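So the chains spell out like this:
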Amino acid sequence: MLEGNGALYQAEGLTFAYSLRPSGKKDTKKSYRLFINGEFWDVSCTTNEEEVASLLRILTSHRRLDRDVLAEGAPKQEHRCLPSDLVALLEDLVGKGYLYGSDE
């Protein structure tokens, strides 16, 4: 999918949401929680915090994820390169059956 082939879809009947995770410290990096079907994942990234928030917004607001959807917010004609920890999150969601792939 990241190479432009196919797409990921949210499994039917599930709700995806995210929130900013509370932190007691002012100078710490922001982290987020992704909620799906009663489970949650703590999501933080060593890269840009805005990138993480943008990708979580895309993940939770689109039932179909393809290369063009993931590029939202990136400069024109550029496709976003996902950080490895966010790719691992997507792979975990596929492994748990919350996302599934199609070679359309």
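Refer to the structure presented above.
Residues numbered from 1 in each chain as written. Predicted model: local features only at pLDDT ≥ 70, side-chain atom pairs only at ≥ 80, totals over all residues. Heavy atoms only, no water.

When its secondary structure is counted, the protein chain shows three helices and six strands. Burial statistics for the protein chain: of 104 residues in total, 37% are counted as buried. When contacts within the protein chain are restricted to residue pairs at least 6 apart in sequence, those whose partners lie at least 24 apart make up 55%. For the protein chain, the computed accessible surface area is about 6,600 Å², with 48% contributed by carbon and sulfur atoms. (Helix = DSSP H or I, 4+ residues; strand = E, 2+ residues; numbered from the N terminus. Buried < 20%, exposed > 50% of the residue type's maximum accessible area, 1.4 Å probe, protein only. Contact = heavy atoms within 4.5 Å. Areas by Shrake-Rupley, 256 points an atom, 1.4 Å probe, with all protein chains shown as cover.)

If you trace the three strands from one edge of the open sheet to the other, you get S5-S1-S6, paired in antiparallel fashion. Of all the strands in the sheet, just strand S5 (64-65) and strand S6 (99-102) have a single pairing partner and so form its edges. Relative to S6, strand S1 (residues 7-10) runs antiparallel, the two being bridged by four bridges. Residue pairing in the sheet places Leu8 in a bridge with Gly101 of S6. (Pairing = 2+ DSSP bridges.)

Turning to unusual backbone geometry, a few remarks are in order. The backbone of Asn37 sits at a positive phi, close to 50°, despite the residue not being glycine. Here Asn37 shows up in the loop between strand S3 (32-36) and strand S4 (39-43).

Now for the pattern of salt bridges. All told, the structure shown has three salt bridges when counted by the stated rule. Glu12 is the salt-bridge partner of Arg63, the closest N and O atoms lying 4.0 Å from each other. Residue Arg63 is found in the loop between helix H1 (49-61) and S5, and its partner Glu12 is found in the loop between S1 and strand S2 (16-20); the two are separated by 51 residues along the sequence. Overall, Arg63 belongs to the partly exposed group, its relative accessible area being 36%. Taking relative accessible area as the criterion, Glu12 reaches 64% and is therefore assigned exposed. Taking the shortest distance from any N to any O, the salt bridge between Arg64 and Asp66 comes out at 2.3 Å. The class of Arg64 is partly exposed, set by a relative accessible area of 29%. (Salt bridge = Lys/Arg side-chain N within 4 Å of Asp/Glu carboxyl O.)

For the rest of this paragraph, the subject is the sheet that holds S4. Taken together, three strands build an open sheet; the order of strands is S2-S3-S4 and the sheet is antiparallel. In this open sheet, the two strands that pair with only one neighbour each are S2 and S4. Ignoring strand direction, the axes of neighbouring strands in this sheet form an average angle of 20°. In the sheet, S2 pairs with S3 via five bridges, with the strands oriented antiparallel. Residue pairing across strands places Phe16 opposite Ile36, the latter belonging to S3. Docked against the sheet, helix H3 (residues 84-95) engages S3 and S4, running at close to 170° with respect to S4. (Axes fitted to C-alpha atoms, helices over the stretch in contact; angles between N-to-C directions.)

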